[in-house]
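Structural features, examined
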Amino acid sequence: MLMQQTKQQTYTLLIDDGDEAVKEKKPSKSDNKRKGKVPVVREVRRKVDDDASESEEERVRDQKERQELEQHLRDLDTFRYHLTEQKLSKKEQEEALRRAKDDSHSSRKVSRQEYLKKREHKKLEELRDEIEDEQYLFSGENLTETELREFRYKKELYDLAKKRTEDEDNVEEEKRFAVAVQRYKDLDSREKMDPFAEWEDHQIGLARVRKSDGSVCRLESQYEDGMHPKEAQDAAEKTALEELQEVRKSLPIYGYREQLLQAVEEHQVLVIVGDTGSGKTTQIPQYLHEAGYTKRGKVGCTQPRRVAAMSVAARVAQEMGVKLGHEVGYSIRFEDCTSDKTVLKYMTDGMLLRELLGEPDLASYSVVIVDEAHERTLSTDILFGLDIARFRPDLKLLISSATMDAEKFSDYFDTAPIFSFPGRRYPVEINFTSAPEADYMDAAIVTVLTIHVREPLGDILVFLTGQEEIETAEEILKQRIRGLGTKIRELIICPIYANLPSELQAKIFEPTPEGARKVVLATNIAETSLTIDGIKYVVDPGFSKMKSYNPRTGMESLLITPISKASATQRAGRAGRTSAGKCYRLYTAFNYNNDLEENTVPEVQRTNLASVVLALKSLGIHDLINFDFMDPPPAEALVKALELLFALGALNKLGELTKAGRRMAEFPLDPMLSKMIVVSDKYKCSDEIISIAAMLSVGGSIFYRPKDKQVHADNARMNFHTGNVGDHIALLKVYSSWKETNYSTQWCYENYIQVRSMKRARDIRDQLEGLLERVEIEISSNMNELDSVRKSIVAGFFPHTAKLQKNGSYRTVKHPQTVHIHPNSGLSQVLPRWVVYHELVLTSKEYMRQVTELKPEWLIELAPHYYQRKDVEDDASKKMPKGAGKAAI
DNA sequence: GAGCACTGC
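What counts as what
- For every chain, the first residue of its written sequence is number 1, and the numbers climb from 1 along that sequence.
- Whichever chain is written first is A, and whichever ligand is written first is 1; the rest continue in order.
- Confidence filtering applies because this is a predicted model: local features only for residues at pLDDT of at least 70, side-chain atom pairs given and counted only at 80 or more, and all residues used for totals across whole chains, interfaces and linings.
- To obtain the side-chain values, all non-hydrogen atoms of the structure were included, while hydrogens and water were left out.
- A run of H or I in DSSP becomes a helix once it reaches four residues, and a run of E becomes a strand once it reaches two; helices and strands are each numbered from the N terminus.
- Any two residues whose heavy atoms approach within 4.5 Å at even a single point are treated as in contact.
- Residue burial is assigned from relative accessible area. The probe radius is 1.4 Å, only protein chains are included, and a residue is buried under 20% of its type maximum, exposed over 50%, and partly exposed in between.
- One bridge is not enough; two strands pair if DSSP finds at least two bridges between them.
- For helices, the axis comes from a line fit to the C-alpha atoms of the stretch in contact; other axes are also lines fit to C-alpha atoms, and the angle between any two N-to-C directions lies between 0 and 180 degrees.
- Two aromatic rings from Phe, Tyr or Trp, using only the six-membered ring of Trp, form a pair when their centres are within 6.5 Å; if the ring planes differ by under 30 degrees the pair is stacked, by over 60 it is edge-to-face, and anything between is tilted.
- A cavity here means a set of points on a 1 Å grid, drawn over the protein atoms and nothing else, where a 1.4 Å probe fits but cannot get out; a pocket is an open set with protein on both sides within 12 Å along at least five of seven lines, and a residue lines either one if it has an atom within 4 Å of a point.
- Grid points are joined across faces, edges and corners, and a volume is the space filled by probe spheres set on the points.
- Classification convention: Asp, Glu, Lys, Arg as charged; Ala, Val, Leu, Ile, Met, Phe, Trp, Tyr, Cys, Pro as nonpolar; all other residues, Gly among them, as polar.
- UniProt positions are given in the numbering used here, feature names are shortened, and annotations may be inferred rather than shown by experiment.
- When two cysteine sulfur atoms lie within 2.5 Å, the pair is treated as a disulfide.
- When at least one non-hydrogen atom of a residue lies within 4 Å of a molecule or strand, that residue is treated as near it.
- Within 3.5 Å is the distance limit for a polar contact, defined as a pair of N or O atoms, with the added protein rule that one can donate a hydrogen and the other accept it, and that residues adjacent in sequence qualify only through two side-chain atoms.
- Throughout, the term roughly parallel applies to angles under 35 degrees, roughly antiparallel to angles over 145, roughly perpendicular to angles from 65 to 115, and oblique to all others.
- Directions are taken from the helix axis to each C-beta atom, and the arc is the one they span.
- By definition, a salt bridge exists where a carboxyl oxygen of Asp or Glu is found within 4 Å of a side-chain nitrogen of Lys or Arg.

The subject of this paragraph is the overall build of chain A. A tally of regular secondary structure across chain A gives 33 helices and 21 strands. Residue pairs at least 24 apart in sequence account for 76% of intrachain contacts in chain A once pairs closer than 6 positions are excluded.

Right, here's the structure in full:
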């Protein structure tokens, strides 16, 4: 663990220092521009006029330009190389480090101001640069009419814009927003508005129509919707089915069918290694069905993702010629598409775990297949630890994994045999940089442009770490391309990340127009969750954001960290799905070999385990320290979870599950939220509390805050905070207001609220409402008595309390540490004396997110076992910051 | 004045 941290730090340090060094060694502006920026973008392809008499001349010039460009690119490479060399000198590293330490604090403020100032002039500078570029590059050349006009126009624009860039920006963005709003207005039906529907449909469609050879056959749902005459329908069905059977036989796994079945017969646990495209996910369950395993019970196949479970089930149903939900079905949260007839059941791994809570021996299954086990989700790790196979000698367990982890799984399951067969994949050429990159964003952009200029057509996929980075990259790329106009091929930029509105997500699936190239700027979402056709080049800077949890402080953090080798391989593989491809890694082979971890740290080792422990306890597992985790989590994390559950009254002193604990375990929520719900029964406000619980569990993506509309968005948000009711009540107000408008999408837009998150909250709320019945809690509402709602919250979250300090910061009550109210909180200016918070996150400071005021005496009333008088003594005579300590209560 | 990667129940 220590080793790993050190490594990560060195890796990051190296890059930071590089940055510092760049600043110090920065060449003069024009110098920098000439070598670094201009030439790459500049050249490429000049517009060829129709005029035939000029064509020869054009060709010569084209050739000359191409040569120039090649030279520019070479210059650039050397330039970059030298820069990095300099950056890496030891002395400079130390110097940069020292300086960073000395004035990290004051420099933050300064840099903010600088940033604002810079932003103001950025656009202007860009334009000026463009003009200079043109003059520099094309001064001695005969420009075409159009190009001259363009140039003059730019110059005029620059002069004009100098005076009023800011205004223009606003007008432009105002327009864009209006268009977006209009588009939403145009869509009326709820189906259309379902943010998931679109791309989930797309993914399902993919599974349906993709043939093994990569070609597409159209047969989806033609015979299901009854649109065709009966005969045509039958005929279509027949040929479609026949064709599908052909396809099945052409899959790589087909040749191993008998061997595989024999291996399953002979061994209880089998590790299966088959590359993507081998057909294992769709075929193995069918083989097992054909071999008669389904006579003894269901065949269950788990997937890490909902879409995968749905789309694979749809595909298999089609191959078997049955209706989805009958013999073949799927089960995911909020959606159970199975029936009594179902023998092949695809499901999310979390779903199987939930089923296990009700049916601990999985009696209704004869085979369980855990697919994509190498992803090591929390659920698969727990499933493995439970070792169901030991109690059910007749249950077959198949684990499918990527090559490199197969041994590990085999060892874990008492040297279970490994069955491997080849997949279908195209070769991917891997390129490393010769020296470390100082700025991976810049390097990524240069690489994209270089590919665009040098390499044959084929789309590019760039892995970045988050929304902000993607937006920046998009901006820079657009701007660099814009200046070139017709001189290069068209480059279509497609951003993709989970929070992107779905109608914009759909853009990445549109086929690239003839002669153009698409560049997809993606987060990790493109690593596993979705596949994009036509990707031939992958640019991998080697970083991703990863959440980690500190069990000692209970603090979460989301940090940019180097990826693992396994991740790097996965990313590279994305280039070789439809043809041979290339992967550009923006780190050195040495970095790869020495600095990157073999595998990503499994989730179980970097998460809060409270709900896991509660689930295991409810399965009757008492000795958690010796639970057979494949990679055990830190003991501290387990202890912390046990302590919390004890404090919440879910476990007794002996560590046994209490009645309250049993009820809490029914809810698919963090135990503190479950506790809050269980207690709400007593305060007769379960209706309000489940809304709050649902809103809290969708996470922080409720309020929409576009860059250009921050003031409006903040105003809209503050409406829900009137009376300083606290963030929890504000969330409740958001939910009930939305409900009052009959779940209106329009209302969401008007109030800067994310529809997608609200719909998710509604789904969760519905589920929670259903579960209330199971734990015998009646729905009761007590909106007039907000203190009872607050008391329920405190009853669940009493370990998360903090008290205001003299300096305006807070100190957590039980395990003292200094924290602050998150600036996005409605109480960030109010500073109540006592607060309860939902979570603690470490970003630039230790922040409490979702905060509500409480009365200290409640702590004694609601958690007498946890707090003593002295903890909540309130020295009112002490001077508090001005205007603080007075909120709604 | 901050900044939510990605899943899942």
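Attention shifts here to the pairing of strand β8 (residues 418-421). Residues of β8 alternate between two faces, with F419 and F421 buried on one and I418 and S420 left unburied on the opposite face. Relative to β8, strand β1 (residues 269-274) runs parallel, the two being bridged by four bridges. Bridging across to β8, I272 finds its partner in F419.

Our next topic: the environment of Y752. With respect to the helices, strands and loops of the structure, Y752 is situated in the loop between α30 (745-750) and α31 (755-774). The class of Y752 is buried, set by a relative accessible area of 10%.

Quick look at the sheet that holds strand β2 (residues 298-303) now. Here eight strands make up an open sheet; going across it, the order is β4-β3-β5-β2-β6-β7-β1-β8 and the pairing mixed. In this open sheet, the two edge strands, each paired with only one partner strand, are β4 (335-337) and β8. Pairs of neighbouring strands in the sheet enclose a mean axial angle of 20 degrees, with direction left out of account. Against the sheet, helix α10 (residues 257-266) contacts β1, β7 (396-401) and β8, and its axis sits at roughly 155 degrees relative to β1. Sheet contacts for helix α12 (residues 306-320): β2, β3 (328-332) and β5 (344-348); angle to β3, the most-contacted strand, approximately 170 degrees.

Turning next to the environment of T658. Within the element layout of this structure, T658 appears in the loop between α24 (635-647) and α25 (659-665). Residues in contact with T658, not counting those within four places in the same chain, are G649, A650, L651 and N652.

This model, assessed by the stated rule, comprises 15 aromatic pairs. With a centroid separation of 4.9 Å and an interplanar angle of 25 degrees, the aromatic rings of Y440 and F543 are classed as stacked. A residue pair is termed long-range when its members are at least 10 positions apart, and Y440 in helix α17 (residues 440-454) and F543 in strand β14 (residues 543-550) qualify at 103 residues. An identical accessibility class is assigned to Y440 and F543; each is buried. On the basis of an interplanar angle of 70 degrees and a centroid distance of 6.0 Å, the ring pair of F720 and W747 is categorised as edge-to-face. Taken as a pair, F720 in the loop between α28 (710-719) and α29 (727-740) and W747 in helix α30 lie far apart in primary sequence, 27 residues in all. The residues F720 and W747 share a single accessibility class, namely buried.

Under the criterion given, the structure shown has eight cavities of 30 Å³ or more. Space inside the largest cavity adds up to approximately 100 Å³. Around the largest cavity, the lining residues are L352, L362, V368, V370, L383, F384, D387, I388, A389, L395, L397 and F413. Elements with a contribution of two residues or more to the lining of the largest cavity: β6 (365-370), α14 (378-386) and α15 (388-391). Its residues assigned to classes, the lining of the largest cavity comprises eleven nonpolar, no polar and one charged.

Moving on, we come to the UniProt feature "coiled-coil region" (unreviewed entry) in chain A. Following the UniProt record, one finds the feature "coiled-coil region" (unreviewed entry) at residues 758-785. For residues 758-785, the end-to-end C-alpha separation is 25 Å, with 61% helix and 0% strand making up the annotated structure.

This part takes up the state of the cysteines. According to the stated counting rule, one finds zero disulfides in the structure shown. You can see C301 has no disulfide; the closest cysteine sulfur is in C337, sitting 16 Å from it.

Here we take up the protein's contact with DNA strand B. Not every one of the 32 residues close to DNA strand B is listed here, only the nearest: R306, R333, A498, R705 and T843. Protein-proximal atoms of DNA strand B, defined as those within 4 Å of the protein, fall in sugar or phosphate at a share of 63%. At 2.9 Å, a backbone N or O of Q467 approaches a phosphate oxygen of DNA strand B. Broken down by secondary-structure element, the contributors of at least two residues to the surface near DNA strand B are α13 (349-358), β14 and β21 (846-853). The element best represented in the surface near DNA strand B is α13, accounting for three residues.

Okay, the sheet that holds strand β9 (residues 428-432) next. Read from one edge of the open sheet, six strands run β9-β16-β13-β10-β12-β11, paired in parallel fashion. The two strands at the open ends of the sheet, each matched to only one other strand, are β9 and β11 (491-496). Looking at each pair of strands side by side, their axes are set apart by 20 degrees on average, direction ignored. Bridge count for strand β13 (residues 535-540) against strand β16 (residues 581-585) is four bridges, and the pairing is parallel. Bridge assignment links Y537 to a residue of β16, and that residue is K582. Across the sheet, helix α18 (residues 467-482) is in contact with β11 and β12 (517-522); its angle to β11 comes to roughly 170 degrees.

On to the UniProt feature "domain: Helicase ATP-binding" (unreviewed entry) in chain A. Here, the residues flagged by UniProt with the feature "domain: Helicase ATP-binding" (unreviewed entry) are residues 261-422. Regarding residues 261-422, the helix share stands at 38% and the strand share at 25%, and the terminal C-alpha atoms are separated by 17 Å.

The geometry of helix α27 (residues 686-697) relative to α29 is characterised by a closest axis approach of 9 Å and an angle of 100 degrees between their N-to-C directions. Of the possible angle classes, the one that applies to α27 and α29 is roughly perpendicular. Between α27 and α29, the residues in contact are E688, S691, I692, M695 and L696 and H728, L731, L732, V734 and Y735, respectively. Residues that form the contact of α27 with α29 fall into these classes: seven nonpolar, two polar and one charged.

The next subject is unusual backbone geometry. The backbone of K684 shows a phi angle near 55 degrees, a positive value even though the residue is not glycine. Along the chain, K684 falls in the loop between α26 (671-680) and α27. Here N724, not a glycine, exhibits a phi torsion of approximately 45 degrees, which is positive. Owing to a relative accessible area of 28%, N724 belongs among the partly exposed residues under this scheme.

Bringing α13 into the picture now. Residues of α13 that are buried include every one of D349, L352, L353, E355 and L356, and no others. Viewed end-on, α13 has its buried residues packed into an arc of 160 degrees, placing them on one side of the element. Tucked inside the fold, the buried residues of α13 contact β2, β5, β6, α14 and α15.

Side chains bearing opposite charge may pair, as long as their charged atoms lie close to each other. Under the defined criterion, the tally for this structure stands at 29 salt bridges. Here K345 makes a salt bridge to E355, at a shortest N to O gap of 2.6 Å. With K345 in strand β5 and E355 in helix α13, the pair connects residues that are ten residues apart, well separated along the chain. Neither K345 nor E355 differs from the other in exposure class; each is buried. A salt bridge links R390 to D387, with the nearest nitrogen and oxygen atoms 3.0 Å apart. On the accessibility criterion, R390 (58% relative accessible area) is exposed. Sharing partners across several salt bridges, the network here consists of R248, R257, E258, E290, R315 and E319.

With six of six residues buried, β6 is to be regarded as a mostly interior element. Pairing of β6 with β7, which is carried by four bridges, proceeds in the parallel orientation. Bridge pairing in β7 places V368 opposite L397.

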